[in-house]
Amino acid sequence: MLPMKHHRFEVSGPSGTALTVHFRPNARAKRLILKIDPKTGDPVVIAPSLRDAKAAEKFVKAKADWLEKQLLRQPEAVSFAPGTTIPVQGVPHELTLPPGRGRTGLIDGPPAQLASPGSEVTFGDRVERYLRLMAREKISERTDIHAARLR
């Protein structure tokens, strides 16, 4: 039988909510670590070894109230789908999927739009890539301004 690399277990939170926690052994870990995975938003407990699974489960049960509070603090996931309205530089923009081909871009006017022509399957990825590029440009501009000020 192959060793189980990733294991999940359920813990009941103080309000009775069932919380699914991912168990990940990591040989570099020196102690048990409970965290929220920034990419998935799922709770993860990291242990030095696979043998620590029972201790990890006990640890998570002891920290169930903290875990539930952290999960409640997580922001609501935003879906980049046509028709969704998201803020872009503080202005609400409707995500649109115009027919044909072209580049993703902002369209001024009532209502302000972020249009991304192309396949609906890759719509969310195109919008995310555009927003990341826009953020990188803005951060770079601001960094240059502050660097010049600080010399």
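An account of the accompanying structure is given in this report. (Residues numbered from 1 in each chain as written. Predicted model: local features only at pLDDT ≥ 70, side-chain atom pairs only at ≥ 80, totals over all residues. Heavy atoms only, no water.)

This part takes up the overall build of the protein. Along its length, the protein carries three helices and eight strands. When the helices and strands of the protein are placed in sequence order, the string is β-β-β-β-α-α-β-β-β-β-α. Expected size for 151 residues packed as a compact globule is a radius of gyration near 15 Å; at 22 Å, the protein overshoots this value by more than 25%. Its C-alpha atoms give the protein principal-axis dimensions of roughly 60 × 45 × 35 Å. Looking at the protein residue by residue over its 151 residues, the buried ones come to 26%. Across the protein, every contact between residues at least 6 apart in sequence was considered, and the portion connecting residues at least 24 apart equals 34%. Only carbon and sulfur atoms are counted for the fraction: they give 55% of the accessible area of the protein, which is about 11200 Å². Charged side chains of the protein number 25 positive and 16 negative; the gap between the two group centres comes to 9 Å. (Helix = DSSP H or I, 4+ residues; strand = E, 2+ residues; numbered from the N terminus. Rg over C-alpha atoms; globule rule 2.2 N^0.38 Å. Buried < 20%, exposed > 50% of the residue type's maximum accessible area, 1.4 Å probe, protein only. Contact = heavy atoms within 4.5 Å. Areas by Shrake-Rupley, 256 points an atom, 1.4 Å probe, with all protein chains shown as cover. Lys, Arg positive; Asp, Glu negative; His and termini not counted. Charge placed at Lys NZ, Arg CZ, Asp CG, Glu CD.)

Along the chain, the position of His146 falls in helix α3 (residues 123-150). A residue is classified by how much of its surface remains accessible, and His146, at 35% relative accessible area, is partly exposed. Taking the C-alpha atoms as reference points, His146 and Gly102, separated by 44 residues in sequence, lie 35 Å from one another.

Another point: the pattern of salt bridges. Side chains that differ in charge, positive against negative, can pair when their charged atoms come close. Across all of its chains, the model carries three salt bridges by this definition. Taking the shortest distance from any N to any O, the salt bridge between Lys61 and Glu57 comes out at 3.9 Å. On the criterion of helical spacing, the pair formed by Lys61 and Glu57 is a turn pair, its members being four residues apart in helix α1 (residues 53-62). Glu57 sits in the partly exposed class, given a relative accessible area of 21%. (Salt bridge = Lys/Arg side-chain N within 4 Å of Asp/Glu carboxyl O.)

Turning next to the sheet that holds strand β7 (residues 105-107). Taken in spatial order, the four strands of this open sheet run β5-β6-β8-β7, and their pairing is mixed. Two strands lie at the open edges of the sheet, namely β5 (85-88) and β7, each paired on one side alone. The mean angle between the axes of side-by-side strands here comes to 40°, regardless of whether they run parallel or antiparallel. For β5 and strand β6 (residues 91-96), the ladder comprises four bridges, and the chain directions are antiparallel. Each residue of the ladder has a partner; that of Ile86, found in β6, is His93. (Pairing = 2+ DSSP bridges. Axes fitted to C-alpha atoms, helices over the stretch in contact; angles between N-to-C directions.)

The next point concerns the packing of α1 against helix α2 (residues 64-73). For the pair α1 and α2, interaxial distance at closest approach is 4 Å and the crossing angle is 70°. With respect to α2, the element α1 is oriented roughly perpendicular. Judged by residue contacts, Val60, Lys61 and Ala62 of α1 engage Ala64, Asp65 and Leu67 from α2. Looking at the contact of α1 with α2, its residues break down into four nonpolar, no polar and two charged. (Parallel < 35°, antiparallel > 145°, perpendicular 65-115°, else oblique. Nonpolar A, V, L, I, M, F, W, Y, C, P; charged D, E, K, R; others polar.)

Okay, the pairing of β6 next. The hairpin turn running from β5 into β6, its antiparallel successor, is two residues long, and Gln89 in that turn takes a positive phi close to 55°. Pairing analysis gives three bridges linking β6 to strand β8 (residues 113-115), with the strands arranged parallel. Residue Glu94 lies in a different strand from β8, and its bridge partner there is Gln113.

Remember that the coordinates give geometry; whether it matters functionally is a separate question.
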